[in-house]
Amino acid sequence: HLQDISGIMNLMADILINVIIAFLAGSLLLGLHRKVIARVQLRPGPPIIQHLLHSLKFFFKESSFPKTASMPFYVGIVVILAIIWRSEERRVGKEC
């Protein structure tokens, strides 16, 4: 059972690392593209990492909690899902 959880955690870590690498590579390629287009038009253009900086600024500036949501309801859903997930984990553990 612990091997299954370890395998799932490794898979999740691999997926997260791949998403981060894709985001960084895409941001840098977009920055390079914008720089080349600007040079073709005889302009200096933005820094290559400009898109990455804008994305990070937006990520940290934006709130993930809706302003119109009720806090107890929002937290309650997370608690209910955690309880369901934990009970499923115990059920699967008993079957092994």
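Small disclaimer: the values here were computed from a predicted structure and weren't measured. (Residues numbered from 1 in each chain as written. Predicted model: local features only at pLDDT ≥ 70, side-chain atom pairs only at ≥ 80, totals over all residues. Heavy atoms only, no water.)

A.B. asks: Would you explain the overall build of the protein in this entry?
C.D. replies: The helix and strand inventory of the protein stands at three helices and zero strands. When each of the 96 residues of the protein is scored for burial, the buried share is 4%. When the accessible surface of the protein is summed, it comes to about 8,500 Å², and 72% of that surface belongs to carbon and sulfur atoms. (Helix = DSSP H or I, 4+ residues; strand = E, 2+ residues; numbered from the N terminus. Buried < 20%, exposed > 50% of the residue type's maximum accessible area, 1.4 Å probe, protein only. Areas by Shrake-Rupley, 256 points an atom, 1.4 Å probe, with all protein chains shown as cover.)

A.B. asks: Sorry, what's going on with unusual backbone geometry here?
C.D. replies: Note: most residues except glycine have negative phi, and most peptide bonds are trans. In this structure, Leu42 takes a positive phi of about 60° despite not being glycine. Mapped onto the elements of the fold, Leu42 is located in the loop between helix 1 (2-40) and helix 2 (50-61).

A.B. asks: Would you mind going over the confidence of the model for the protein with me for this structure?
C.D. replies: Low pLDDT means the predicted atomic positions in that stretch should not be read closely. For the protein, mean pLDDT is 84; residues scoring 70 or higher make up 84% of the total. By mean pLDDT, helix 3 (residues 71-95) is the weakest element of the protein at 78, and helix 1 is the strongest at 90. (pLDDT = per-residue confidence, 0-100.)

A.B. asks: Honestly, a nonpolar patch on the surface in this entry has me stumped. Any pointers?
C.D. replies: On the surface, Leu28, Leu29, Leu32, Val36, Val40, Ile48, Ile49 and Leu53 cluster together into a nonpolar patch covering about 710 Å² of accessible area. The greatest single-element share of the nonpolar patch, amounting to five residues, is contributed by helix 1. For Ile49, the location among the structural elements is in the loop between helix 1 and helix 2. (Patch = residues over 30% accessible without salt bridge, like charges linked within 9 Å, V, L, I, M, F, W, Y side chains within 5 Å. Salt bridge = Lys/Arg side-chain N within 4 Å of Asp/Glu carboxyl O.)

A.B. asks: Got a minute to help me understand the environment of Leu28 in this structure?
C.D. replies: Note on placement: Leu28 falls in helix 1. Exposure remark for Leu28: the relative accessible area of 39% places this residue in the partly exposed category. Spatially, the C-alpha atom of Leu28 lies 7.2 Å from that of Leu52, the residues being 24 residues apart in sequence.

A.B. asks: What should I look at first to understand the side chain of Ser27 in this one?
C.D. replies: Along the chain, Ser27 turns up in helix 1. A residue is classified by how much of its surface remains accessible, and Ser27, at 2% relative accessible area, is buried. Among all residues touching Ser27, those that are not within four sequence positions of it are Ile48, His51 and Leu52. (Contact = heavy atoms within 4.5 Å.)

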